[in-house]
Amino acid sequence: MPKKPLRNAEERTYGEPASVLRRSLIGGIILAVLLAVAGLVAYLNRTDSSASAKPSPPSTSAQEPSPSPGATDGKGVAVAAPPKTSDPIVFAEAATKVLWTYDTRTFSQAEHLAGLKQWITGEKKYADWKSIIDQVPSPVLWSRLHDNRQHASATVGEGHFPQAFKTALAQDPGAITEAYVYAVTVTGNQTLAWKGSGAGAEARSMTLAVQCRPQQDCALAAVLPNAAP
C-alpha cells in the first residue's frame with residue numbers, strides 16, 4: 001500500500017510556538033518603523049499577535065518579472081531565482097510559488113534553504129530568515145519525506161494588498177519611505193505527490209512582507225504569522 005503524505009497541521013507549518021512569537025516581535029518592530037497607525041496594529045494583532053511589516057501601493061502597470069537562473073548544483077535547480085521586478089505583488093506571487101514548492105527526491109533540505117536565501121533582502125533590520133525556515137520541513141521531516149519520495153508544486157491564484165495595509169497607507173502615505181516594505185497576501189493551491197502514485201492538493205493563502213526600494217529589485221523580508229485578507 002502506498003504511503004500517505006507526511007503532513008499535518010503541525011508538520012505543514014514546520015514552526016514552533018517560540019518562532020511564531022519571535023516573528024510577531026520582529027513584525028512589531030518593523031511595523032513601528034513603518035507605521036504609526038494604531039488601528040492597523042490592532043487589526044494585525046487580533047489573532048494571536050500577527051504583527052507585520054506593511055506599506056504601499058504599486059504602479060498601475062504591473063511589471064513582468066524578467067527570468068534569471070536559479071540555484072543549481074549540477075542536479076538542476078533547487079529553487080528558482082527571484083524575478084527582476086520592482087512590483088511587490090508580482091514578486092510576492094513568485095515568492096509564494098517558491099515557498100510552496102519543494103522536491104525532497106532530488107535536493108537536501110540544506111540545498112533547498114540555500115536556494116531560498118537568494119530571495120531574502122540584504123537589510124538585516126528587516127529580514128526575518130527564521131520565518132522563511134519555518135515554511136520548510138525540518139531536517140528530520142525532510143528525510144522522512146525523502147523516503148516517501150514526496151514533492152510539492154504550486155499554482156498561484158492572485159496577490160493583493162490587504163485592506164488594512166491600504167487603509168494604513170491612506171492614513172499615512174509617507175510611512176512607506178522608511179523601509180519600503182509592503183504587505184502582500186497571495187492565494188493559490190499546493191499540490192503534493194509521493195511514491196505509489198499518491199497525490200493531494202489544498203487551497204492556501206499567505207501574507208508576505210516584501211521590500212521594494214526605488215531603483216532596486218524587490219526582495220523578501222518575511223512571511224507573516226497569519227494571512228491578512
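Note that the structure is predicted; figures quoted are calculated from it, not measured.

Turning our eyes to something else, we now look at the environment of R204. Note that R204 resides in strand β6 (residues 198-211). Placed 16 residues apart in sequence, R204 and G188 show a C-alpha to C-alpha distance of 5.5 Å. Side-chain polar atoms of R204 contact the side chain of Q190, separated by 3.2 Å.

Under the criterion given, the structure shown has one disulfide. Note on cysteine connectivity: C212 is disulfide-linked to C218, with sulfurs 1.9 Å apart. When the S-S torsion is 115°, as for the bridge of C212 with C218, the disulfide is right-handed. By relative accessible area, C212 is classed as buried at 4%. Take C218: its relative accessible area is 6%, and that puts it in the buried class.

Turning our eyes to something else, we now look at helix α4 (residues 88-99). The terminal C-alpha atoms of α4 lie 16 Å apart, and with 12 residues this matches the ideal 16 Å at 1.5 Å per residue to within 8%. For α4, a buried count of nine out of 12 residues is recorded, marking the element as mostly surrounded by other parts of the structure. Within the sequence span of α4, burial applies to P88, I89, V90, F91, A92, A95, T96, V98 and L99. With a side-chain oxygen positioned 2.9 Å from the backbone nitrogen of I89, the residue opening α4 is D87.

Parameters at a glance
In this convention, every chain numbers its residues from 1, walking through the sequence in written order. Given that this is a predicted model, residues contribute local features only at a pLDDT of at least 70 and side-chain atom pairs are listed and counted only at 80 or more, while totals for whole chains, interfaces and linings are drawn from all residues. Water and hydrogen atoms play no part in the side-chain values, which are based on all heavy atoms of the structure. Here a helix means four or more residues in a row that DSSP labels H or I, a strand means two or more in a row labelled E, and each is numbered from the N terminus. Two N or O atoms form a polar contact when they lie within 3.5 Å of each other; inside protein one atom must be a possible hydrogen donor and the other a possible acceptor, and for residues adjacent in sequence the pair counts only when both atoms belong to side chains. In plain terms, two cysteine sulfur atoms within 2.5 Å form what is called a disulfide here. Here's how the labels work: a residue is buried when its accessible area is under 20% of the maximum for its type, exposed when over 50%, partly exposed in between, all with a 1.4 Å probe on protein chains only. By this rule, a helix spans an expected 1.5 Å times one less than how many residues it contains.

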